[in-house]
Amino acid sequence: MAMTEPTPTGLAAPETAGPVEGTEGPGGPGGLGEDAPVRPRTAFVGRLEIQWDPRILEPRPWVAEQSRWAALLLTDLPPGPVLELCSGAGHIGLLAVAGTRRELVCVDVDPVASRYAADNARRNGLADQVSVRTETIADAAEHPTAYSLVLADPPWVSSHEVTRFPEDPVRAIDGGADGSALAVDCVRTAGRVLAPGGALVLQVGDEAQLDGPVAAAGAEHGLVEVERRVYERGVLALLRRPGDGPGDGGDAGGGAVSG
């Protein structure tokens, strides 16, 4: 969730790649009514062309690191689909599964984000392996699917700091009092939906969030952090259940790395 200025492109509003569950709302499906202030833009995340508009969070190029880590993990994880929580425009999950046969489920509470995720799947030739649902993080745990990998980039800015980023929609960045509220929700859902041997790759704002509420939620739901990667604009963490995967999860790498 790096905070940078978006770049206008003058592209058309998104077309859906197919049915998007739960997108009814103001302005019709996806909330894309005639009066909506739509100024679609594009960004490149890795090799994918991703479209969005200012009603949702701008895709930041650095998050390709989360996708690359996920793609590497998928070479050893058990068979099964990938779940992306707080998917926004879908860029992290799409880049992770591009070039694989893995199915991807994108979940976001914002119907506008859902429309863009579906359209971005179509734009990058991935529509056949991607489905999109508009629902909460908790709702995502109610489906009877066991996932090999869960990806999550929840809002992680503390509520009292959201005014520092006026270009970003508040709902897309507000992570509660200490910025960790939705990250904790993601851990809880991952603990319920991960298949044996599965993994969660979680993005947060700083290491304090991992060492505090996220670690506590992981312990409550049987997930422990086995690696973290520290970047200038955020922190990535790999969580697994003890005994899941090679070497009790330790073969994924060790310690923090700076980026």
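Notes on the structure follow. Because the structure is predicted, anything quoted here is derived from the model rather than measured.

Re the packing of helix α5 (residues 181–193) against helix α6 (residues 207–220)
Packing of α5 against α6 brings their axes to within 9 Å, and their N-to-C directions diverge by 20°. Viewed along their axes, α5 and α6 adopt a mutual orientation that is roughly parallel. As α5 packs across α6, the resulting crossing turns out to be right-handed. On α6, the residues touching A183, V184, V187 and R188 of α5 are P213, V214, A217, G218 and E220. In the contact of α5 with α6, the residues fall into 6 nonpolar, 1 polar and 2 charged.

Points about the side chain of Q66
Within the secondary structure, Q66 is located in helix α1 (residues 64–74). For Q66, a relative accessible area of 1% gives the class buried. A distance of 3.1 Å separates the side chain of Q66 from the backbone oxygen of V201, its partner in a polar contact. With residues up to four places along the chain from it excluded, the contact list for Q66 reads I92, L151, A152, D153, V201, L202, Q203 and L236.

Describing the pairing of strand β9 (residues 234–240)
With 7 of 7 residues buried, β9 is to be regarded as a mostly interior element. On β9, burial covers both faces: G234, L236, L238 and R240 on one face and V235, A237 and L239 on the other are all buried. For strand β7 (residues 194–204) and β9, the ladder comprises 5 bridges, and the chain directions are antiparallel. What sits directly across from L202, in β9, is A237. Summarising the sheet, strand β8 (residues 224–231) and β9 pair through 7 bridges and their orientation is antiparallel. If you follow R228 over to β9, its bridge partner there is A237. The hairpin formed by β8 and β9 contains 2 residues between the paired strands.

Cut-off values and rules
Residues numbered from 1 in each chain as written. Predicted model: local features only at pLDDT ≥ 70, side-chain atom pairs only at ≥ 80, totals over all residues. Heavy atoms only, no water. Axes fitted to C-alpha atoms, helices over the stretch in contact; angles between N-to-C directions. Helix = DSSP H or I, 4+ residues; strand = E, 2+ residues; numbered from the N terminus. Parallel < 35°, antiparallel > 145°, perpendicular 65-115°, else oblique. Left-handed = near helix turned anticlockwise from the far one by under 90°. Contact = heavy atoms within 4.5 Å. Nonpolar A, V, L, I, M, F, W, Y, C, P; charged D, E, K, R; others polar. Buried < 20%, exposed > 50% of the residue type's maximum accessible area, 1.4 Å probe, protein only. Polar contact = N/O pair within 3.5 Å; in protein donor to acceptor, adjacent residues only side chain to side chain. Pairing = 2+ DSSP bridges.

Purely geometric stuff here, so don't read any function into it on its own.
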